[in-house]
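Listed below are the residues making up each chain.
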Amino acid sequence: MTLKVAVVGSGPSGFYATEALAKKCPGCEIDIIERLPTPFGLIRGGVAPDHQSTKRVSRAFERTVARPEVHYYGNVAIGQDISLVALRDTYDAVILAIGAPLDRPLNIPGDKLAGVIGSAAFVGWYNGHPDYRDLEPDLDCQAVAILGNGNVALDIARLLVKTRGELAVTDLPDYALEAITKSRISDVYMLGRRGPAEAKFTNVELREMGQLENCVPVVDPAQLPESIEGQDCSERDLRLKQKNLATLQSFATVDPSGKHKRVHFCFFAQPKAVLGEDRVSGLRLERTRVVDGKPEGTGEVFDLACGLVIPAIGYRSARIEGVPFDERRGIIPNEDGRVAEGLYVAGWIRRGPTGVIGTNKPDGEVVADHIQGHVAAGGKPGRQGLEAALQSKGVQWVDLKGWQAIDQAEIEHARDGAPRAKLLTIDEMLAAADDDVTEAAN
Ligand SMILES: Cc1cc2nc3c(=O)[nH]c(=O)nc-3n(C[C@H](O)[C@H](O)[C@H](O)COP(=O)(O)OP(=O)(O)OC[C@H]3O[C@@H](n4cnc5c(N)ncnc54)[C@H](O)[C@@H]3O)c2cc1C
């Protein structure tokens, strides 16, 4: 009998799990089930459009999905098109690799005002994610506040201040290219509750802020320590913090002449309220000090005028019917990736939203090891059963050929110098997949 495994989610963790399974369980059938017609999760919809070299990791995943034992089912949402309970009845094992697509709430007064846009939505908008293409953020303002001191905050800041020339050669959708380059934005404030030593930037991304065509980084030297020593962290992390400090110190000496935009690195400031009547007009902040690595309010309050507030303070997963959920951590509770008999988790849904693409790889290995050691083929229907269930519900799915047709159409319609012009609606994607879309009716 053949072992049949469903991997739900086609982001890095889904693909790493698939690759590990294909190697450890030869002869098994692996079906990747993805909510969108297009694969690759945050590689397509999160990683910044101007970081195409990072997105290239998907080439390895293209080889994985082309393996004969692997089938791709795009445009199929678990919990909507087929329940998790039904999926577990259909496969010997199910691996949930569905990520953490929701913003962590800001939870301060005014956080629901128009002009407060979470990073998941904003990043989805500039990456052409079908859920967010109609967001239409109002960029008619001079100053933007981004909350958070991680790489997502850096990505957003960088994209808001790049020139048309810098952006045109990316796969930023036309609507975002126009909105950003026609906006009045001249000053972006990156606000961190803690200090430079606690910032989560990686150094390459931080340095990039000093290399922009029409923007300078601005740092108050008084907020920078002379050195960072004796932190409670690994040697590697200490070296990263020291490098980041050196980069921030170099920013303090950048010549601003000839450049018209600024990204201000502001540390030791925690948001207390978003200000405004019908929409954002500013942000009230409290000065902090860092005690034992944690921010403490000092009682000193100040206001920052801005027309857009983008919290980039972390993500949480969405609850899925038929499986326990840890509301506090925003993940599915698990023991080394195991949730219940035949049910596993990998990636951000397992660990929470931390780390880079490669951090998800060991999750796949662990889960594949467990399936290899503990799950036997049980004569379940697998992909035949899945296809029958989808057909009975009239669900169109996109297979590998369908995705390849979408990919081709996007590449063909790219602007000059750009890698692709993303299709922006599910309907457009299904139309491009065209004959390759497997229809329920046929
Ligand atoms: C804005 C941003 C930028 C980033 N930039 C970088 C970077 O430059 N470099 C780097 O190394 N890392 C980067 N990361 C981190 C990296 O993207 C993550 O580590 C990684 O994507 C997590 O993988 P995942 O598979 O767990 O989740 P995801 O990549 O989110 O994949 C989850 C997949 O599951 C699908 N799905 C969800 N629900 C369902 C359902 N019910 N049914 C079927 N499918 C479903 C989703 O559509 C998605 O395709 C970035 C993260 C963010 C948020």
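Cut-off values and rules
Residues numbered from 1 in each chain as written. Predicted model: local features only at pLDDT ≥ 70, side-chain atom pairs only at ≥ 80, totals over all residues. Heavy atoms only, no water. Near = heavy atom within 4 Å. Polar contact = N/O pair within 3.5 Å; in protein donor to acceptor, adjacent residues only side chain to side chain. Areas by Shrake-Rupley, 256 points an atom, 1.4 Å probe, with all protein chains shown as cover. Helix = DSSP H or I, 4+ residues; strand = E, 2+ residues; numbered from the N terminus. Nonpolar A, V, L, I, M, F, W, Y, C, P; charged D, E, K, R; others polar. Expected span 1.5 Å × (residues − 1). Buried < 20%, exposed > 50% of the residue type's maximum accessible area, 1.4 Å probe, protein only. Domains from an automatic or database assignment. Contact = heavy atoms within 4.5 Å. Buried area = accessible area lost by both parts, 1.4 Å probe.

1. Some points on the site of the ligand
Taken together, 30 residues lie near the ligand, and Ser13, Glu34, Leu42, Trp348 and Ile357 sit nearest. Between an oxygen atom of the ligand and a main-chain N or O atom of valine 356, the distance comes to 3.5 Å. If the ligand stood free it would expose 1,000 Å²; the protein chains cover 89% of that surface. At the level of secondary structure, the elements contributing two or more residues to the shell around the ligand comprise helix H1 (12–24), strand E2 (29–34) and helix H7 (151–161). For the shell around the ligand, the class distribution of residues is 16 nonpolar, 11 polar and three charged.

2. Section: H1
The terminal C-alpha atoms of H1, which comprises 13 residues, lie 18 Å apart, in line with the 18 Å expected from a rise of 1.5 Å per residue. For H1, the full list of buried residues reads Pro12, Ser13, Gly14, Phe15, Tyr16, Ala17, Thr18, Glu19, Ala20, Leu21 and Ala22.

3. Digging into the domain arrangement of the chain
Under the domain assignment used here, the chain contains domain 1 (4–101 + 317–438) and domain 2 (103–314). Between the C-alpha centres of domain 1 and domain 2 the distance comes to 31 Å. The interface is formed by 25 residues belonging to domain 1 together with 28 residues belonging to domain 2. The contact between domain 1 and domain 2 buries some 2,000 Å² in all, and 51% of this surface belongs to carbon and sulfur atoms. Summed over the three residues of domain 1 that lose the most area to domain 2, namely Pro49, Arg415 and Leu424, the buried surface amounts to 33% of that side.

4. A look at the environment of valine 5
Of note, valine 5 is situated in strand E1 (residues 4–8). A residue is classified by how much of its surface remains accessible, and valine 5, at 0% relative accessible area, is buried. In contact with valine 5, not counting residues within four places along its chain, are Leu21, Glu29, Ile30, Asp31, Tyr91, Ala93, Ile95 and Ile371.

5. Comments concerning the side chain of asparagine 127
Counting through the fold element by element, asparagine 127 comes out in the loop between helix H6 (119–126) and strand E6 (143–147). The exposure class assigned to asparagine 127 is buried, which follows from its relative accessible area of 2%. Those residues in contact with asparagine 127, other than ones at most four positions away along the chain, are Arg44, Gly45, Gly46, Val47, Pro49, Lys55, Pro173 and Lys422.

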